[in-house]
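Fold and contact review
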Amino acid sequence: MIRRSVARFAVAFTGVVALLVAGQTAAYAAPTNDDFSAATTVGTTPFTTTIDTTGATTDPTDPTGCANRGSVWFSFTPTVDGRVEAHTYGSDYYSVLSAWTGEQGSLTQVACNDDNGSQRSRIRFAVTAGTTYHLMVGTGGFGDTTIGGSLRFSLDQAVAPANDDFADAIPVGALPYADNRDYAGATAEAGEPSFYVSSAYTAWYAYTPTTTGSVTARTNPGYAGIAAYTGSSLTALSLVGYTRLYDYDPLTFVAQAGRTYLFQVGSDGSSAHTFQLDVAADPTVDIYHYPSEPSSYDQVSLGSSAHDPAGAGIASFAWDFGDGTTSTEPYPVHRFPGDGNWTVRLSVRTVDGRTASVSDVVSVRTHDVAVVKLTVPATARVGQTIGVVVQVRNTRYDENVRVAVERSTPTGYVPVGSSTRSVPATDSGKSTRFVIDYTVTAEDLAVGKVSFRAVADLLDARDALPYDNELRSAPVKVA
């Protein structure tokens, strides 16, 4: 409770207040709605009024659960259920706003706010038709000697949607179904569960399917909470599933033919939402593998981009690699038994039983060449051109091969030259001959010798065993 200032007090006398502040005396007329019994009646909404509350007093019967210093009163009796918002935006002093029900001297607090982002206040609460709500505006601020000022009081009511109560749930017909409602006036009735949707702004729908199958409920905007139940009354509900306020998830489950499902939609009350109910869409799935051009030596990593648009989630994976083996891992690793075109198939199943499948052909090709011999002369002289002979063997597929030759220096190898040609596949043990010419230099003479390194690279494929694509020669003595 905000403390009263001890530096100032008010004495009411025939509607005039004598204010004593630091030895100064000033007289202000009390506003007409100074007392609870003289509250300003709010008729139609929206309602706004501006009054001077400088002379407002505090009655001994004013409730103390929210600031009551220098209080003025308003009353509102709604004709329909809904929610109201009252605020003091536009006032020039620190105001505190509260709402109450009951009789003078025995009031029950409904709402209280003393600071809505500034020294102004705002309250929102549910109202029931025929109930009178008493709204009190007091002066707030710790140690503030000022009482009242220019008060701008506003009140508006948002009417509850037609399906606000469980008993008034709107029947859902054929799917797909969509219905738009403004939730600003929605309320939660007594006994209504709120945990699952995390909201006090709720409305209801009822759906009885004629066939068994998965259905998906969602809202647009998508942040509203949705809970699905079975049962005939608020006190006998069985939860089927839910997605909470701000989860941004749809709700999907298997709806049994002939059974009635009650959907509770919960909003934050700031906007309208469209409730949508439809047959749950099938999941989608695609598969991929790495490396993209595997050999029979590779452990191939397989994966999928499985997605459930209905939001229930993928529950299981079933892989068939086309070679007699299977896996239930989401991301299996598999080595195929040999070269060939292997048809890989993946089937996925959602939590509620919907399925999708896809197949793809994994082409396994083992490309492999090897440098099996590197021949150079034993001796050479400066200025002499020698032939570096490289023998490349290939046993699987005809390949385009580039052979590069490098020579040794005191700091490493440097390029000499290269040659590219087709190397046919053969199982006879024969090899293809590459010859790279090199002219011996004075630098080689300074070292006294020179050696060579040959590297063979496939131009159109990935070599499955690249470790045998390189060979080094014995040193050539330079004289």
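Rules of the game
- Residues numbered from 1 in each chain as written.
- Predicted model: local features only at pLDDT ≥ 70, side-chain atom pairs only at ≥ 80, totals over all residues.
- Heavy atoms only, no water.
- Helix = DSSP H or I, 4+ residues; strand = E, 2+ residues; numbered from the N terminus.
- Rg over C-alpha atoms; globule rule 2.2 N^0.38 Å.
- Buried < 20%, exposed > 50% of the residue type's maximum accessible area, 1.4 Å probe, protein only.
- Contact = heavy atoms within 4.5 Å.
- Pairing = 2+ DSSP bridges.
- Axes fitted to C-alpha atoms, helices over the stretch in contact; angles between N-to-C directions.
- Salt bridge = Lys/Arg side-chain N within 4 Å of Asp/Glu carboxyl O.
- Disulfide = S-S within 2.5 Å.
- Polar contact = N/O pair within 3.5 Å; in protein donor to acceptor, adjacent residues only side chain to side chain.
- pLDDT = per-residue confidence, 0-100.
- Phe/Tyr/Trp six-rings, centres within 6.5 Å; stacked < 30°, edge-to-face > 60°.

A separate point is the overall build of the protein. For the protein, the count of helices and strands is one helix and 38 strands. A compact globule built from 479 residues should have a C-alpha radius of gyration of about 23 Å, whereas the protein, at 43 Å, is more than 25% larger. The principal-axis extent of the C-alpha atoms belonging to the protein is close to 130 × 70 × 25 Å. Counting across all 479 residues of the protein, residues that qualify as buried make up 45%. Looking at the protein alone, contacts between residues at least 24 apart form 70% of all its contacts between residues at least 6 apart.

Pairing is antiparallel in the open sheet, where three strands are placed in the order 29-31-34. Each edge of the open sheet carries a strand with a single partner, namely strand 29 (369–375) and strand 34 (432–439). Each neighbouring strand pair of the sheet contributes to a mean axis angle of 25 degrees, computed without reference to strand direction.

Throughout the structure, instances matching the rule amount to 11 salt bridges. Among the salt bridges present, the one from D179 reaches R181, with a minimum N-O distance of 2.8 Å. Of the residues examined, D179 reaches a relative accessible area of 13% and is grouped as buried. Salt-bridge contacts for R472 lead to E470; the nearest nitrogen and oxygen are separated by 3.7 Å.

As a further point, take the environment of A380. In this fold, A380 is placed in strand 30 (residues 379–380). According to the relative accessible area criterion, A380 is buried, its value standing at 4%. The spatial distance from the C-alpha of A380 to the C-alpha of K477 is 6.3 Å, given a sequence separation of 97 residues. For A380, the residues in contact, after removing those within four places along its chain, are I386, V440, V476, K477, V478 and A479.

Put plainly, two cysteines are in a disulfide when a covalent bond ties their sulfur atoms together. Scanning the model with the defined rule gives one disulfide in all. The disulfide partner of C66 is C112, and the S-S distance across this bridge is 1.9 Å. Residues C66 and C112 are joined by a disulfide whose S-S torsion is about 65 degrees; by sign, that bridge is right-handed. One end of the pair, C66, is in the loop between strand 5 (47–52) and strand 6 (72–76); the other, C112, is in strand 9 (residues 106–113), and 46 residues separate them in sequence. Judged by its relative accessible area of 3%, C66 falls in the buried class. What makes C112 partly exposed here is its relative accessible area of 35%.

Time to look at the side chain of H334. With respect to the helices, strands and loops of the structure, H334 is situated in strand 26 (residues 333–334). Polar side-chain contacts of H334 include one of 2.6 Å to the side chain of D323. Ignoring any residue separated from it by four or fewer positions in sequence, one finds H334 in contact with D298, Q299, V300, L302, F321, D323 and T325.

In this model, the protein carries an average pLDDT of 92, and 93% of its residues clear a pLDDT of 70 or more. In this model residues 1–25 is a low-confidence stretch, pLDDT under 50, and it forms 54 contacts with partners more than four residues away in sequence or in other chains.

So, about the packing of aromatic side chains. All chains considered together, the criterion is met by 19 aromatic pairs. When the centroid spacing of 5.0 Å and the interplanar angle of 55 degrees are considered together, the rings of Y196 and Y242 count as tilted. With Y196 in the loop between strand 14 (177–182) and strand 15 (201–207) and Y242 in strand 18 (residues 238–243), the pair connects residues that are 46 residues apart, well separated along the chain. According to the relative accessible area criterion, Y196 is partly exposed, its value standing at 25%. In this structure Y242 comes out as partly exposed when scored by relative accessible area, which is 37%.

Its location among the elements puts S98 in strand 8 (residues 95–103). A distance of 2.7 Å separates a polar atom in the side chain of S98 from a polar atom in the side chain of W100. Not counting residues up to four positions away in its chain, the partners in contact with S98 are C66, A111, C112, I123, H134, L135 and M136.

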